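# A structural walkthrough
The residues making up each chain are set out below.
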Amino acid sequence: MSAVDAGLPPVHGFVDRDGRLVDAGPRLDDINTRAGGAIGEPFAVSQVAVLVRLAQRLGITVARHVLVADGPDEVELWVRADPVEDGVRLALSGWRLRAPWTPPVDLARRDRDLLLQGADWWWETDATLRMTAVDAGAARFGVTPENVLAKPLASLFALEMDAEGAMPMLGVLTVRQPFEGQAATVRATGQAVTLSAHPTLNAEGLFAGYIGTVRAETRELPQPTDDRASDPLDAFSARLDRALRTPLGRIIANADSIHAQTEGPIRHDYADYASDIASAGRHLLGLVDDLVDLQAVERPDFVPAAERIDLADIGRRASGLLSVRAGERSVKIDAPQDIDSAPATGEFKRVLQILVNLIGNAVRYSPDGGMVWIRTHRDRGTAVIIVADQGKGIAPEDQARIFDKFERVDPSEPGGSGLGLYIARRLARAMGGDLTVDSAPGQGARFMLSLPGAGG
Amino acid sequence: MSIDQGDWDEGARASASTLLARAAAAVRLADRRLADAIDDFFLADDSRLDDRTRATLATTLTAMIAVVEHDLRRRAITHLVGGDPALVQRIERGAPVLDRLVATGLLRDPDLMRELIARTRQDLLVDLLPALPPDEIGSASLLARLAGSADAWVADAALALMAAESRRRGLVDSNRLDQTELPAELHHRLVWWVAAAIREQLGPTSADRMIVEAALRVLADHDEGDRVESAAVRLAATIDPQPAELATVLTHALGDRRVALMIALLGHALGIDFATMRQIVLEGGEQLWLALRGAGLDRATVARIGLSLCEADPRRDVEGFADQLEAIAAISPDEARGALAPLRLHPDFRAAMADLEKRR
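Presented here is an overview of the structure given in this document. For clarity, every value in this text was computed on a predicted model and none was experimentally measured. (Residues numbered from 1 in each chain as written. Chains lettered and ligands numbered in written order. Predicted model: local features only at pLDDT ≥ 70, side-chain atom pairs only at ≥ 80, totals over all residues.)

All names here are of chain B. Contact geometry of helix α8 (residues 184–202) with helix α9 (residues 208–221) gives a least axis separation of 10 Å together with a crossing angle of 160 degrees. Our classification of the angle between α8 and α9 gives roughly antiparallel. Crossing angle aside, the handedness with which α8 passes α9 is right-handed. In contact with His188, Val191, Trp192, Ala195, Ile198 and Arg199 of α8, α9 contributes Asp208, Ile211, Ala215, Val218 and Leu219. Of the residues in the contact of α8 with α9, the class split is eight nonpolar, one polar and two charged. (Axes fitted to C-alpha atoms, helices over the stretch in contact; angles between N-to-C directions. Helix = DSSP H or I, 4+ residues; strand = E, 2+ residues; numbered from the N terminus. Parallel < 35°, antiparallel > 145°, perpendicular 65-115°, else oblique. Left-handed = near helix turned anticlockwise from the far one by under 90°. Contact = placed C-beta atoms within 7 Å. Nonpolar A, V, L, I, M, F, W, Y, C, P; charged D, E, K, R; others polar.)

Right, here's the structure in full:
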């Protein structure tokens, strides 16, 4: 199974205690009719009927991947059979046609083998993108598995744009599709790498995590093209990036391994100093990332793509990406509902970047157990998405300041470079929209991103 | 066509006798092959290793001997620095000893094979078990959560298990091992066998002392605490789930396909050692159902574990399990524990009692 089919929604049905199909969604009804059954009669799709009986006898949910014959074809289904008091509830997703004969191979194993071809080392995550397994061979590339296991994928790799300015991974992480050829650097070492990965599925056909590979590259970090190199600011930024990333990577890696006491026990407070050094190093690395972005958005010829996007959809994806961080602080993110939609024109990746920044800030400034709301609406040709939190709010005199370079919402809070909101507003304006804030001390803050609407 | 024997010289006669001897040997070999094929054909299906287990077992055994042999040769050479260059080369370039060890039948050692077969089946089960969705969408997997625990002992033990399982997964991908990951006694046995086989290749030489020295170092470097099995036992003991929590932790371990942890948790709850508990889980059947009930698990948890194990192994009969479920649920935890009591004795003690029984 190499991809999660996000296509057709699941179909529901109900089989009573006597094995009669008493309720069936359209596609289930069709397939049951073609198998010779009818509503109110014994369920005729034998592969699924077996699961129904099993769920009823065991008294627990049974979920399985089955192939169902449908005329000359085979349909691939993920079946979930839930026993309840008077029968069994069915949910069938997948609904993909398969060739009548496929070679009897273990697809998961084959995918894994193909993926590992030419790779230097591999990793696996769970559904929340935390590392659950890391190849012992990663140690040859300066990554100690013990230091990255259980941490978020994003803490291991920093993503980079390819020559076309694309980040294959960013778009697919939220929809859980396979990706390949994602340029990235290993944060701990500054090593340039290429990432590829396949999603893994659980028994219900839902996303269970990624298995991915890392290929070490000798490439340089993305170079500005010739005409841009003449700009002294660009050249400076590029040098800054290269000159800082590698040594910082080394500092963080060494501090991490001192903290982990890999070379033997040391005094506890020294181990803690090492952890402080590593987190300060990570902070500086984040700053380097922001400076590189800054260089991009401040260029006079910077033009984001004009794509048809849905702010509600991107809001949901951005909250998904931040759910782990929010969960750590027990902050709830109330994302737009599936039925909400706010069509707009802008660049998907850049809007996602802005929303990740806004929601990240909202989570950071929320009290433990607090709530972050994300709402969308359309207003006279404009699509608006609002991110509101229950933090301590921003005084009116500070509201303009926070969008300036190197300014912070709360300078006393640790972390952050003071560039995020500046970059976010530059991006919003470059896309023909704006980013504004509305807040009062003690009342939380509401950030509003507006973009040109796209009708529909 | 006439054959003029007068033309045959002595050399041809010598070759002819070799040929005749070989032909006779070939007849004997054919007989032995037939006998082996007959044994193989009449082997009961439930005793036969399936192809996947057989292939993985062969890979593991090959990789295991290779890593010990490589280690021994390398260390012996470093002890020979400045010695006879021809000897160094013979140690370095010697043919792999695997075939020799297989031919002698030494590797048929029941203790070694019991461990290897069980371990292989345990590792394959990880691949074959269905991953189950978490209770709550968006919650991290069990070990990732435990690794973030405020209790440093739990966090360390969870990380150690993740790291050990990562190393074990690498074997299937690369056919390579970095260490045998055997229990100390078996590692000890294997290292001396390989050392003896290398010594046999070299004949009586001045290298004996170096090989012994190398073997002692290889033994000293082995840490059986690095094994997946030890890490799982350590984590189970550190979490030490209360009877009321056991079902949840076990279900999560199973859902995340952390087979070693599941075995260790059950063993911890019942006071049964890891190897015995692993045998029970891998064999399935009545003893496993008794163990699940003995650990105080309710009907739904027994059903969930039973179903997952049946899904992972086509030889397990899910319909039979469903038939038995009511009877299993009717056994009280005390009754179940009583029936398993002999398994809680020290495994060596049990083995000794069994030996005594055989010689009655």
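Next up on the list: the sheet that holds strand β9 (residues 179–186) of chain A. All names here are of chain A. Strand order in this open sheet of six strands is β7-β6-β11-β10-β9-β8, and the pairing throughout is antiparallel. Each having just a single partner strand, β7 (131–134) and β8 (157–159) make up the two edges of the open sheet. Direction aside, neighbouring strands of the sheet carry axes that sit 35 degrees apart on average. Direction of pairing for strand β6 (residues 121–125) relative to β7: antiparallel, over a ladder of three bridges. Residue pairing in the sheet places tryptophan 123 in a bridge with valine 134 of β7. (Pairing = 2+ DSSP bridges.)

Next up on the list: unusual backbone geometry. All names here are of chain B. Phi angles above zero are rare outside glycine, and aspartate 240 is one such case at about 40 degrees. Assignment of secondary structure puts aspartate 240 in the loop between α10 (228–239) and α11 (243–255). The phi dihedral of arginine 257 is positive, around 60 degrees, even though this residue is not glycine. Note on placement: arginine 257 falls in the loop between α11 and α12 (259–270). Take arginine 257: there are 23 C-beta atoms within 10 Å of it, and that puts it in the buried class. (Buried ≥ 20, exposed ≤ 12 C-beta atoms within 10 Å, placed from the backbone.)

Moving on to the sheet that holds strand β17 (residues 434–439) of chain A. Residues and elements named next belong to chain A. Pairing is mixed across the open sheet formed by five strands, whose spatial order is β13-β15-β16-β18-β17. With one partner strand each, in any of the chains shown, β13 (332–334) and β17 form the two edges of the open sheet. For this sheet the average axis-to-axis angle between neighbouring strands, irrespective of direction, equals 15 degrees. Here strand β15 (residues 371–379) runs beside strand β16 (residues 382–388); their pairing, made up of seven bridges, is antiparallel.

What follows concerns the interface of chain A and chain B. Taken together, the contacts link 29 residues of chain A with 30 residues of chain B. Broken down by secondary-structure element, the contributors of at least two residues to the side of chain A that touches chain B are α2 (46–58), α3 (107–116), β7, α4 (145–148) and α11 (323–328) of chain A. By residue class, the composition of the side of chain A that touches chain B is 14 nonpolar, eight polar and seven charged.

One recurring pattern in soluble globular proteins is that nonpolar side chains are buried together. In terms of nonpolar packing, the biggest core is built from 126 residues, with Leu161 and Ala232 of chain B touching the most fellow members. Counting residues per element, this core draws most heavily on α12 of chain B, at ten residues. Apart from residues no more than four positions distant in its own chain, alanine 232 of chain B is found in contact with Leu161, Ala260, Leu261, Ile263 and Ala264 of chain B. By size, the runner-up hydrophobic cluster in this structure holds 44 residues, among which are Ala318, Val387, Ala428 and Met431 of chain A. (Core = buried A, V, L, I, M, F, W, Y, C linked by C-beta atoms within 7 Å.)

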